[in-house]
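# Summary of the model geometry
Read off the chains here:
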Amino acid sequence: MEGEVKSGCPRWLAGLVCAVVALSLGCARQAWRRDDVMTWEGCCKGADACLALLQEVHGPDSGERWLPPEQECAAWKLVREGEGVVPRLIPLLRHGERRVRGGAALALASMEEKPREAVPALLAAYEREPGGMALHALSSLDDARAAPAILRHLMESPTSTLEHLGPTLAPVLLDVLENPESSWEALVRVRYVLGRRASMLTENFVPRLRTLLARELEERTLRRPPGTSCPSAPAPGCEAIFDGCTPRAAYVASVLGAYARQGANAAPEVLQGLQRADVRLTPVALQALVAFNSPAAVPEVLQQLAVPECRARALTSLASLGPVARRVATGPLLRLLATGEEGWERARAAKALGRVGDPAALQALRQAVYEPHSEVQAAAVRALGSSTFRTHREELEPLFHQVLTTHASPVARSHARWALQALSGDEVQPASPSEPPSVLPGSGPDWQMCQGPTSIHLHWDKPKAPSREGPCADVPGGDSASVLEAMGEACLVGRDSGEFGGTLEVHEAGRVTVLEEPHANPLQAVRMHGTLVVVEGLAHLFGGDGRLVRVDASEGRWRATPWVELPGAPLAHALDEAGNLVVGTTNQRLDEVFCNPAGASAPAHVLRVTVDGRLAPVEPDGRP
């Protein structure tokens, strides 16, 4: 098997964070090369040299959100020069080249509290160019003087920067929620941003949001955003939809749901919202109650389980509720495990049974370990290895050893290995030195594999600048999205924030449907046999996780199906000659990914995914 490897980080991941991580992990320092973040320590030395590098540009401006290496590295090094360099950076905020302006703002943003004298110039730069990097610096300074400008330019500001407003500026977003004149577009944006910031803004925000929700629910007729029209009876559904029919209370309930158990004190108000039986408010309120781990959610979720279009959502909710749903959910889940038409249904039922933790499910899960569908097998092993069944260690440990040494599914073997490690507290080695079944050359996501007569090329594209035409052209914050995929007149939008989760949404004219949040890491969209599949995953510290999510529509309603679980974080993908998806995954540690020498072997699974969601390892000759 041959391969081509590029050392270091791929260019689109280059930046301050990548450089700091790489250097802190002890990677060798080399002469500056603009396409290799491992060498950035040597890009410039001293204020004069770094300011000169900051103003160095190559070729026409592509308009990409990510700054070129010259500006990224120069900004990083200028921070070390201290506040004495601030007066020399301020004039560059008016430079004629966007990349230079962005580099100057990035340097100021990275100086934390030092560049206070730059605030007037940054405000002027933000007014001239709301979509630029000036707001990044203002949010870092967290200066109250920026609040009025943020309200004026909310819809033009980068979504990713709004997510990082500090405790002084973030309350302006609550002002938007409280303002009865706010448009639905502004409410959609604020809902998303506040949801992403929930874990850092709990103490003061939850009481304020709870009061606002109670006030909205006091209205005899639920208030909706101004200037919108709504059919008398929009079609009901189980996904959260935000449009002209969505009452203001739904936006508030959605933000409260993002606080999860920290927002659970608002459960009475959210339950009141559920009882209003509004077709737009009901799914939002139900998802918030699930996030609160409230028993009040269980009856409604079980009703969803009986509706095929809502089954994926219901199974995800039951897995989240866990033991709270044990008394009434075990029976329906066991029936679905036994009779579900598709493999993913039975597999997600097995996963939910593992979270619910009823010992009555043990026998059925043990039998499912050798069920014909590979996805069900792996899910059953993972369910049996969950902490809820830890008291049944003596009867389960022999089964895990058997799966580890003899099972055909690499995902099942992986789950068995982790289960045994959890039981013993010691590292468990793969059953065979050849496990995982395939070895890919090199490190990181920027590689390819050519093998056998099928010439399968595994690749991973960097994010592209959003198209200026089509349904994805006007998506707010599209330049920070990890997935932008046109689907007729709709646009699939994925945002990935690593260990902090992400979202998967469908944007249409006048409507946003939220398919997944916050437990999503969408990385790439690929079409397989005419079906749109989103590759999701996370490689973090000492492990990795991944899955494939199927996106489709039924009677005008979008849904996401948790289709296939992967044995690790996805690194690359391809379509073989039959149109099946081939995915490469790994469980490498973060320091190995960054510092592994070019040309060394990195253990990885290479798996073929069939049209019915089955996984099979790809052998070195390209055959399954």
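Residues numbered from 1 in each chain as written. Predicted model: local features only at pLDDT ≥ 70, side-chain atom pairs only at ≥ 80, totals over all residues. Heavy atoms only, no water.

## Things to note about the overall build of the protein chain
Within the protein chain, the regular secondary structure consists of 24 helices and 16 strands. Buried residues in the protein chain amount to 54% of all 624 residues. Sequence separation of 24 or more characterises 62% of the internal contacts of the protein chain that already satisfy a separation of 6 or more. For the protein chain, the exposed surface amounts to about 26200 Å²; the carbon and sulfur share of it is 52%. (Helix = DSSP H or I, 4+ residues; strand = E, 2+ residues; numbered from the N terminus. Buried < 20%, exposed > 50% of the residue type's maximum accessible area, 1.4 Å probe, protein only. Contact = heavy atoms within 4.5 Å. Areas by Shrake-Rupley, 256 points an atom, 1.4 Å probe, with all protein chains shown as cover.)

## What to know about the pairing of strand 5 (residues 483–487)
Sheet topology places strand 5 next to strand 6 (residues 490–496); 5 bridges connect them, and they run antiparallel. Paired with Glu 485 across the bridge in strand 6 is Leu 492. With antiparallel pairing between neighbouring strands as the criterion, strand 5 and strand 6 make up a hairpin whose turn holds 2 residues, including Gly 488 at a positive phi of roughly 65 degrees. (Pairing = 2+ DSSP bridges.)

## Some thoughts on the confidence of the model for the protein chain
The predicted coordinates ought not to be read in detail in places where the model reports low pLDDT. Confidence in the prediction of the protein chain, expressed as mean pLDDT, is 82, and 82% of residues score 70 or more. Counting contacts from residues 1–29, a segment whose pLDDT is below 50, to residues more than four positions away or on other chains yields 73 contacts. Overall, residues 433–460 carries pLDDT values under 50, and its contacts beyond four positions in sequence, including any with other chains, amount to 97 contacts. (pLDDT = per-residue confidence, 0-100.)

## Quick notes on the state of the cysteines
Overall, the coordinates contain 3 disulfides when judged by the stated rule. The disulfide that involves Cys 44 links it to Cys 50, with 2.0 Å between the sulfurs. Where Cys 44 bonds to Cys 50 through sulfur, the torsion about that S-S bond is close to 100 degrees, and the disulfide is right-handed. A sulfur-sulfur distance of 2.1 Å marks the disulfide that ties Cys 472 to Cys 491. The disulfide joining Cys 472 to Cys 491 has a torsion of about 105 degrees about its S-S bond and is therefore right-handed. (Disulfide = S-S within 2.5 Å.)

## Side note on the nonpolar core
Residues Leu 89 and Leu 177 are the most contacted members of the largest nonpolar core, which totals 151 residues. Per-element tally for this core: the top contributor is helix 11 (residues 184–196), with 8 residues. The residues contacting Leu 89, other than those within four sequence positions of it, are Leu 51, Leu 54, Leu 78, Ala 104, Ala 107, Leu 108 and Met 111. Of all hydrophobic cores here, the second largest spans 14 residues; its members include Ala 490, Val 506, Leu 532 and Val 549. (Core = buried A, V, L, I, M, F, W, Y, C linked by side-chain atoms within 4.5 Å.)

## Topic: the packing of aromatic side chains
Considering all chains together, one arrives at 1 aromatic pair under this definition. Ring geometry for Phe 242 versus Tyr 251: centroids 5.0 Å apart, planes at 40 degrees, classification tilted. Note that Arg 495 overlies the ring of Tyr 192, its terminal NZ or CZ placed 5.0 Å from the centroid. (Phe/Tyr/Trp six-rings, centres within 6.5 Å; stacked < 30°, edge-to-face > 60°. Lys NZ or Arg CZ within 6 Å of the ring centre and 35° of its normal.)

## Quick notes on the sheet that holds strand 7 (residues 502–508)
The 5 strands are arranged 2-8-7-6-5 in an open sheet whose pairing can be described as antiparallel. If you trace the sheet from one side to the other, it starts and ends with strand 2 (240–243) and strand 5, each paired once. Ignoring which end each strand starts from, the neighbouring axes of this sheet average 20 degrees apart. (Axes fitted to C-alpha atoms, helices over the stretch in contact; angles between N-to-C directions.)

## Examining the packing of helix 14 (residues 267–275) against helix 15 (residues 281–291)
The description of two packed helices rests on the angle between their axes and on the distance between the axes. Contact geometry of helix 14 with helix 15 gives a least axis separation of 8 Å together with a crossing angle of 150 degrees. As judged from the angle between their axes, helix 14 and helix 15 are roughly antiparallel. When the axes of helix 14 and helix 15 are compared, the crossing they make is left-handed. Residues Ala 267, Val 270, Leu 271, Gly 273 and Leu 274 of helix 14 pack against Leu 281, Thr 282, Ala 285, Leu 286, Ala 288 and Leu 289 of helix 15. (Parallel < 35°, antiparallel > 145°, perpendicular 65-115°, else oblique. Left-handed = near helix turned anticlockwise from the far one by under 90°.)

## Some points on the pattern of salt bridges
In the structure shown here, the tally under the stated rule is 33 salt bridges. Among the ionic pairs, Arg 116 bridges to Asp 143, the shortest N-O distance being 3.1 Å. Placement of the pair is Arg 116 in the loop between helix 5 (98–109) and helix 6 (119–128) and Asp 143 in the loop between helix 7 (134–141) and helix 8 (147–152), with a sequence separation of 27 residues. According to the relative accessible area criterion, Arg 116 is partly exposed, its value standing at 31%. Beyond isolated ion pairs, a larger network of salt bridges with shared partners links Arg 191, Arg 495, Glu 505 and Glu 517. (Salt bridge = Lys/Arg side-chain N within 4 Å of Asp/Glu carboxyl O.)

## Concerning the environment of Gln 421
Inspection of the secondary structure puts Gln 421 in helix 23 (residues 410–424). Overall, Gln 421 belongs to the buried group, its relative accessible area being 14%. Expressed as a C-alpha distance, the spacing of Gln 421 and Gly 385, which sit 36 residues apart in the sequence, is 10.0 Å.

## Side note on helix 18 (residues 326–339)
Taking 1.5 Å of rise per residue, 14 residues should cover 20 Å, and helix 18 covers 20 Å from first to last C-alpha, within 8% of that figure. By the burial criterion, the buried members of helix 18 are Ala 329, Thr 330, Leu 333, Leu 336 and Leu 337. When helix 18 is viewed along its axis, its buried side chains cluster within an angular range of 140 degrees and face the same direction. In helix 18, the exposed residues that point more than 90 degrees away from the buried face are Arg 327, Arg 335, Ala 338 and Thr 339. (Expected span 1.5 Å × (residues − 1). Arc of directions from axis to C-beta.)

## Here's the deal with the side chain of Arg 311
Positionally, Arg 311 belongs in helix 17 (residues 311–321). Classification of Arg 311 as buried rests on a relative accessible area of 15%. A polar contact of 2.9 Å, which involves the side chain of Arg 311, links it to the side chain of Glu 345. Discounting chain neighbours no more than four positions away, the residues touching Arg 311 are Gln 304, Leu 305, Ala 306, Leu 336, Trp 344 and Glu 345. (Polar contact = N/O pair within 3.5 Å; in protein donor to acceptor, adjacent residues only side chain to side chain.)

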